[in-house]
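Here is what each chain is made of, one letter per residue.
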Amino acid sequence: GDSVTQMEGPVTLSEEAFLTINCTYTATGYPSLFWYVQYPGEGLQLLLKATKADDKGSNKGFEATYRKETTSFHLEKGSVQVSDSAVYFCALNTNAGKSTFGDGTTLTVKP
Amino acid sequence: DSGVTQTPKHLITATGQRVTLRCSPRSGDLSVYWYQQSLDQGLQFLIQYYNGEERAKGNILERFSAQQFPDLHSELNLSSLELGDSALYFCASSVEQVGSYNEQFFGPGTRLTVL
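Residues numbered from 1 in each chain as written. Chains lettered and ligands numbered in written order. Predicted model: local features only at pLDDT ≥ 70, side-chain atom pairs only at ≥ 80, totals over all residues. Heavy atoms only, no water.

Residue and element names in this part refer to chain B. Read across the open sheet, the four strands follow the order β1-β3-β8-β7; overall the sheet is antiparallel. Each having just a single partner strand, β1 (5-7) and β7 (64-68) make up the two edges of the open sheet. Within this sheet the neighbouring strands show an average axis-to-axis angle of 15°, counted without direction. Sheet topology note: the β1/strand β3 (residues 19-24) ladder contains three bridges and is antiparallel. Among the inter-strand pairings, Q6 is bridged to a residue of β3, identified as C23. (Pairing = 2+ DSSP bridges. Helix = DSSP H or I, 4+ residues; strand = E, 2+ residues; numbered from the N terminus. Axes fitted to C-alpha atoms, helices over the stretch in contact; angles between N-to-C directions.)

Here we take up the side chain of Q44 of chain B. With respect to the helices and strands, the residue Q44 of chain B is situated in strand β5 (residues 42-50). Once residues lying within four places of it in the same chain are set aside, the contact partners of Q44 of chain B are W34, Y35, Q36 and N59 of chain B. (Contact = heavy atoms within 4.5 Å.)

This part covers the state of the cysteines. All told, the structure shown has two disulfides over all chains when counted by the stated rule. A disulfide bridge connects C23 of chain A with C90 of chain A, and the sulfur atoms are separated by 2.0 Å. Between C23 of chain A and C90 of chain A the sulfur-sulfur dihedral comes to about -70°; the bridge is accordingly left-handed. Here C90 of chain A lies in strand β10 (residues 86-93) and C23 of chain A lies in strand β4 (residues 23-26), a separation of 67 residues in the sequence. Residue C90 of chain A is classed as buried on the basis of its relative accessible area, which comes to 1%. At a sulfur-sulfur separation of 1.8 Å, the disulfide partner of C23 of chain B is C91 of chain B. Across the S-S bond linking C23 of chain B and C91 of chain B, the dihedral sits near -50°, which makes this disulfide left-handed. With C23 of chain B in strand β3 and C91 of chain B in strand β9 (residues 87-94), this pair connects stretches of sequence that are 68 residues apart. By the burial criterion, C23 of chain B is buried, and C91 of chain B matches it. (Disulfide = S-S within 2.5 Å. Buried < 20%, exposed > 50% of the residue type's maximum accessible area, 1.4 Å probe, protein only.)

The subject of this paragraph is the sheet that holds strand β7 (residues 56-59) of chain A. Residue and element names in this part refer to chain A. With respect to topology, four strands assemble into an open sheet ordered β3-β9-β8-β7, the strand pairing being antiparallel. Bordering the open sheet on either side are β3 (19-21) and β7, each of which pairs with just one other strand. Neighbouring strand axes in the sheet, compared pairwise and without regard to direction, differ in orientation by 15° on average.

A few words now on the interface of chain A and chain B. Across the boundary between the two partners, chain A contributes 21 residues, which contact 20 residues of chain B. With both sides pooled, the region where chain A packs onto chain B buries about 1,600 Å², and carbon together with sulfur makes up 49% of that total. Taken together, the links from chain A to chain B amount to zero salt bridges. In this assembly, chain A and chain B are joined by three residue pairs in polar contact (both at pLDDT 80 or more). Among the secondary structure elements, those contributing two or more residues to the side of chain A that touches chain B are β5 (32-38), β6 (44-50), β10 and β11 (99-101) of chain A. Of the residues forming the side of chain A that touches chain B, the biggest block, four residues, is contributed by β5 of chain A. (Buried area = accessible area lost by both parts, 1.4 Å probe. Salt bridge = Lys/Arg side-chain N within 4 Å of Asp/Glu carboxyl O. Polar contact = N/O pair within 3.5 Å; in protein donor to acceptor, adjacent residues only side chain to side chain.)

As far as function goes, none of this settles anything; it's purely spatial.
Here you go:
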């Protein structure tokens, strides 16, 4: 079946550090890939997405590139801020409409 | 604000009881998804409805059931509750069924505590 594997957390960084959260997936067909973010006490919200191979999703300084050859969709940000502290979920959707989420990675950014 | 509403926000009940969680999708969205988020199991996809019909099923227990009504709101029914059912339950909605590119818009969640 489909699966998403995320880098285990928690991840703790200093402000302005470089962030990478690894995500790899297994799926039949050609899924779309997503990163969602969950701030404390809130629901998930879409951060960025990519719908086909080699697409790059970007938003709020975050980027991720859909790599079909390595079945990966790693999240990166060049300079994190305290306000980026949250839980990040990698997810995929198949054409059948089924969604699969990773376990989430907790990021804490310290001033 | 995602436009997805969930009620109630908090629910405290006892083992063996039955509860109903309600979700109203964003205006125009035909698909509704239900998820369970617990500390030990992360975010688990339960079930998806599209325009009133069940579309995809995930790790949903037999004690749980859901439906989507003609006005597109959805209800998740949890029965014979156990301590382990304590979790955050999220509803999400999206525009379409087909096409894997649709993002989902999540509601704020219902926190269920089973005592």
